[in-house]
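# Observations on the model geometry
Read off the chains here:
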Amino acid sequence: QVHVVESGGDSVQPGGSLRLSCGASGRTASSSALAWFRQTPGKEREFLCAVQWNGIKAYYADSLKGRFTCSRLNARNTVYLQMNSLKPEDTAVYYCAAKWTQWPTETPPHDANAYSYWGQGTQVTVSA
């Protein structure tokens, strides 16, 4: 069982930056891949990035084009999502999710259905 909590959502102007945090706790948190997704009304959750439990490599969706950076602080089972050059179309609820994986070399899935544990979400609004 893993408990996931996101924070850091806010309203920002286009071109601005924001950093979201996700803390994971529980018996298997330290051996779980942690991922970021986002969702807008009427759409499916969109994969953004994920980091395996060894924190060595981040995996990204092709659509991000380098604006977002995903990193993990293993000592605290925390994953961050640094978002730069924000656009109005980045407005969404951002979710953190956890999935137990046996090996840190496994590529974290991009499919939201593969993740067992989810946070409550944090709202990011980008507007002038």
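Quick look at the structure, then. Position numbers for residues count from 1 along each chain, tracking the sequence in the order it is written. Only residues with pLDDT of 70 or above have their local features reported here, since the model is predicted, and side-chain atom pairs are shown and tallied only from 80 upward, although totals for entire chains, interfaces and linings are computed over all residues. Only heavy atoms go into the side-chain values, all of them from the structure, while hydrogens and water stay out.

### Describing the sheet that holds strand E1 (residues 3-7)
Under the convention used in this document: By the convention used here, strands pair only if DSSP detects at least 2 bridges between them. Runs of E in the DSSP output that reach at least two residues are strands. Runs of H or I that reach at least four are helices, and both are numbered from the N terminus. Every axis in this analysis is a line fitted to C-alpha atoms, fitted for helices over the stretch in contact. Angles between the N-to-C directions lie between 0 and 180 degrees.
The sheet built from four strands is open, its strands ordered E1-E3-E8-E7 with antiparallel pairing. In this open sheet, the two strands that pair with only one neighbour each are E1 and strand E7 (68-73). Averaged over all neighbouring strand pairs, the angle between strand axes comes to 15 degrees, with direction disregarded. For strand E3 (residues 18-25) and strand E8 (residues 78-83), the ladder comprises six bridges, and the chain directions are antiparallel. Opposite glycine 23, over in E8, you have threonine 78 as the bridge partner.

### Focus: the nonpolar core
Just so we agree on the cut-off: In this description, a nonpolar core means a group of buried Ala, Val, Leu, Ile, Met, Phe, Trp, Tyr and Cys residues linked to one another through side-chain atoms lying within 4.5 Å. Accessibility here uses a 1.4 Å probe with only protein chains present; expressed as a share of the type maximum, an area under 20% marks a residue as buried, one over 50% as exposed, and anything in between as partly exposed. For this analysis, residues touch if any pair of their heavy atoms sits within 4.5 Å.
Trp36, Leu81, Met83 and Tyr94 are the most contacted members of the largest nonpolar core, which has 34 residues in total. Of all the secondary structure elements, the ones that give two or more residues to this core are E3, strand E4 (32-39), strand E5 (46-51), E7, E8, strand E9 (92-100) and strand E11 (122-126). With residues near it in sequence (within four places) discarded, leucine 81 still touches Leu18, Arg19, Leu20, Trp36, Leu48, Cys49, Phe68, Thr69 and Tyr94.

### Quick word on the environment of glutamine 120
By the element assignment, glutamine 120 lies in the loop between strand E10 (117-118) and E11. In sequence terms glutamine 120 and valine 4 are 116 residues apart; their C-alpha atoms lie 8.0 Å from each other. Once you skip the residues sitting within four places of it in the chain, glutamine 120 turns out to touch Val4, Val5, Glu6 and Tyr95.

### What to know about the packing of aromatic side chains
For clarity, the threshold we go by: Stacked, edge-to-face and tilted are the three classes for Phe, Tyr and Trp ring pairs, Trp counted by its six-membered ring, which pair at centre distances within 6.5 Å; planes under 30 degrees apart are stacked, over 60 edge-to-face, the rest tilted.
Evaluated as defined, the whole model comprises five aromatic pairs. Measuring from centroid to centroid gives 5.6 Å for phenylalanine 37 and phenylalanine 47, while their planes differ by 75 degrees, and the two rings are edge-to-face. Within this pair, whereas phenylalanine 37 is found in strand E4, its partner phenylalanine 47 is found in strand E5, the two being separated by 10 residues in sequence. Accessibility assignment for this pair places phenylalanine 37 and phenylalanine 47 in one class, buried. For the ring pair phenylalanine 37 and tyrosine 115, a centre distance of 5.4 Å and an interplane angle of 75 degrees mean the geometry is edge-to-face.

### With respect to the pairing of E4
By the criterion of burial, E4 is predominantly enclosed, with seven of the eight residues buried. Both E4 and E9 contribute to a ladder of eight bridges, which runs antiparallel. The partner of serine 32 across the bridge, within E9, is tryptophan 100. As defined by bridge partners, E4 adjoins E5 across five bridges and the pair is classed as antiparallel. Its bridge partner being in E5, leucine 34 is matched across the sheet by valine 51. Counting the residues between successive antiparallel strands, the hairpin from E4 to E5 contains six residues, one of them, glycine 42, with a positive phi of roughly 85 degrees.

Function cannot be read off these values alone, since they describe shape.
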